Amino acid sequence: MIGRLNHVAIAVPDLAAAAQLYQGTLGAVVGAPQDEPAHGVRVVFITLPNTKIELLGALGDASPIAGFLEKNPAGGIHHICYEVDDILTARDHLKSQGARVLGEPKIGAHGKPVLFLHPKDFTGTLIELEQA
Ligand code: CO
């Protein structure tokens with residue numbers, strides 16, 4: 001059911017510093033920061049030849065990554081995103097398998113529907129599905 005790896009998301013305490021690290025030290029193609037108020041994050045996308053890295057900074061006081069950054073003050077891998085052909089078909093399949101789907105599909109940072117799956121059901125990793 002899952003297809004390509006769309007991105008790996010890394011939560012960071014200082015988005016500008018992390019973007020500079022990837023651009024300067026690692027020599028990656030780094031995009032401009034974009035605010036995602038519906039998700040409580042500011043994101044920077046890094047384009048690699050075969051996938052993307054999503055740097056996540058907190059946006060606002062109630063950011064969903066604030067707790068993660070408290071536990072991981074230096075930052076850390078927050079989620080991985082796999083592509084699926086159809087988000088609703090994927091959701092229904094996962095629910096039928098007993099997996100915990102977090103909320104309803106929302107429009108994600110790429111303007112496409114996304115859905116998150118409970119890390120406890122997937123080897124301790126928060127999984128995002130994005131409709132390809
Ligand atoms: Co993501």
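Note: the structure precedes this text.
These figures come from a predicted structure and were not determined experimentally.

Chemist: Help me understand the coordination of the cobalt ion, please; the structure alone is not making it clear to me.
Modeler: The protein atoms donating to the cobalt ion are H7 (NE2), E54 (OE), H79 (NE2) and E128 (OE), with metal-donor distances spanning 2.0 to 2.5 Å. Given four donor atoms and angles of 86 to 175° at the metal, the environment of the cobalt ion is assigned as irregular. On the basis of relative accessibility, which here comes to 5%, the residue E54 falls in the buried class.

Chemist: Help me understand the pairing of strand 4 (residues 41–47) in this model?
Modeler: Each regular strand carries side chains that alternate between the two faces of the sheet. Counting buried positions along strand 4 yields five of seven residues, so the element is predominantly enclosed. Here two bridges tie strand 2 (residues 29–30) to strand 4, and the two strands are oriented antiparallel to one another. Each bridged residue has a counterpart across the sheet, and for V29 the counterpart in strand 4 is T47. As paired strands, strand 3 (residues 34–36) and strand 4 are joined by three bridges and run antiparallel to one another. Each bridged residue has a counterpart across the sheet, and for Q34 the counterpart in strand 4 is V43. What sits between the antiparallel neighbours strand 3 and strand 4 is a turn of four residues, in which G40 has the positive phi angle 70°. As defined by bridge partners, strand 4 adjoins strand 5 (residues 52–58) across seven bridges and the pair is classed as antiparallel. Bridge assignment links V43 to a residue of strand 5, and that residue is L56.

About the criteria used
Each chain has its residues counted from 1, running along the sequence as written. Only residues with pLDDT of 70 or above have their local features reported here, since the model is predicted, and side-chain atom pairs are shown and tallied only from 80 upward, although totals for entire chains, interfaces and linings are computed over all residues. Derived side-chain values reflect all non-hydrogen atoms in the structure, with water molecules and hydrogen atoms excluded from consideration. Think of the donor list as every N, O and S atom within 2.8 Å of the metal, or within 3.2 Å for Na, K and Ca; water never makes the list, so a site can look incomplete. Geometry assignment treats four donors as tetrahedral when all angles are between 85 and 135 degrees, treats four as square planar and six as octahedral when opposite donors are over 155 degrees apart and all others between 65 and 115, and treats everything else as irregular. Think of it in three bands: residues with accessible area under 20% of the maximum for their type are buried, residues over 50% are exposed, and the middle band is partly exposed, with areas taken using a 1.4 Å probe on protein chains only. Strands here mean DSSP runs of E at least two residues long; helices mean DSSP runs of H or I at least four residues long; both are numbered from the N terminus. DSSP bridges decide pairing: two strands pair if at least two such bridges lie between them.

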